[in-house]
Amino acid sequence: MALFEKVSSDIIAAMKAKDAVRRDTLRNVKKYFLEAKTAPGANDELTDDAALKILQKLAKQGRESAEIYKGQGRADLAEEEMAQVRVIEEYLPKQLSEEELEAKLKEIIAEVGASGPQDMGKVMGVSTKKLAGLAEGRAISACVKKLLTQG
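Quick look at the structure, then. (Residues numbered from 1 in each chain as written. Predicted model: local features only at pLDDT ≥ 70, side-chain atom pairs only at ≥ 80, totals over all residues. Heavy atoms only, no water.)

1. What to know about the layout of surface pockets
Part 1 of the argument: The volume enclosed by the largest pocket comes to roughly 520 Å³.
Part 2 of the argument: Every residue lining the largest pocket is counted, 21 residues in all, and those nearest its centre are Gln56, Ala132, Gly133, Ala135 and Glu136.
Part 3 of the argument: Breaking the lining of the largest pocket down by element, the ones donating at least two residues are α3 (48-71) and α7 (137-150).
Part 4 of the argument: For the lining of the largest pocket, the element with the most residues is α3, which contributes eight residues.
Part 5 of the argument: Here the second largest pocket is characterised by a volume of approximately 190 Å³.
Part 6 of the argument: Contributing to the lining of the second largest pocket are 13 residues, with Ser97, Glu98, Leu101, Ala139 and Cys143 lying nearest its centre.
Part 7 of the argument: Where the lining of the second largest pocket is concerned, the elements lending two or more residues are α5 (98-112) and α7.
Part 8 of the argument: In terms of residues, the lining of the second largest pocket owes the most to one element, α7, which gives four residues. (1 Å grid on protein atoms, 1.4 Å probe; cavity = no way out; pocket = protein on both sides within 12 Å on 5 of 7 lines; lining within 4 Å. Points joined across faces, edges and corners; volume = space filled by probe spheres on them. Helix = DSSP H or I, 4+ residues; strand = E, 2+ residues; numbered from the N terminus.)

Rendered as structure tokens:
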């Protein structure tokens, strides 16, 4: 089942279960999906890859909002954001652990033939494509920098 249809059916399930957080979060996700489907050039289609990118963006925005709320001493709002992020994360592929990420990046570094920090651009280009959806760009970047400076 495509992500769009899964989210649509899960909205109905959340309504029946009277789960307001899940219902509202999924409605918001569906709104973004519909906007992407009706965007010029989309031909009224939404691929799962495009849907995943939208979900990752929404999860990242939610985490950032929660951090801002925590910084302002609004734990109630931060928890609300994180509850929504947890719902969104159910639809995302499992993220790589630090060890798994490091192992994959070592393979990519060997594949590209990178030898130091000057090759970071080459490694990042390949790794962001290969690891899309499996790790955040910030985590990939930090790990690549660490591995390349260790030499």
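2. Observations regarding the nonpolar core
Part 1 of the argument: In terms of nonpolar packing, the biggest core is built from 18 residues, with Val7, Val29, Phe33 and Leu55 touching the most fellow members.
Part 2 of the argument: Counting residues per element, the ones that place at least two in this core are α1 (3-16), α2 (20-37), α3 and α4 (75-89).
Part 3 of the argument: Ile108, Ala114, Ile140 and Leu147 belong to the second largest nonpolar core, which has 15 residues in total. (Core = buried A, V, L, I, M, F, W, Y, C linked by side-chain atoms within 4.5 Å. Buried < 20%, exposed > 50% of the residue type's maximum accessible area, 1.4 Å probe, protein only.)

3. Observations regarding the pattern of salt bridges
Part 1 of the argument: Scanning the entire structure with this criterion turns up 13 salt bridges.
Part 2 of the argument: Asp119 is paired through a salt bridge with Lys122; the nearest N and O atoms lie 3.7 Å apart.
Part 3 of the argument: For Asp119, a relative accessible area of 10% corresponds to the buried category.
Part 4 of the argument: Judged by relative accessible area, Lys122 falls into the partly exposed class, the value being 46%.
Part 5 of the argument: What you see here is one network of salt bridges that share partners, running through Glu102, Lys106 and Lys146. (Salt bridge = Lys/Arg side-chain N within 4 Å of Asp/Glu carboxyl O.)

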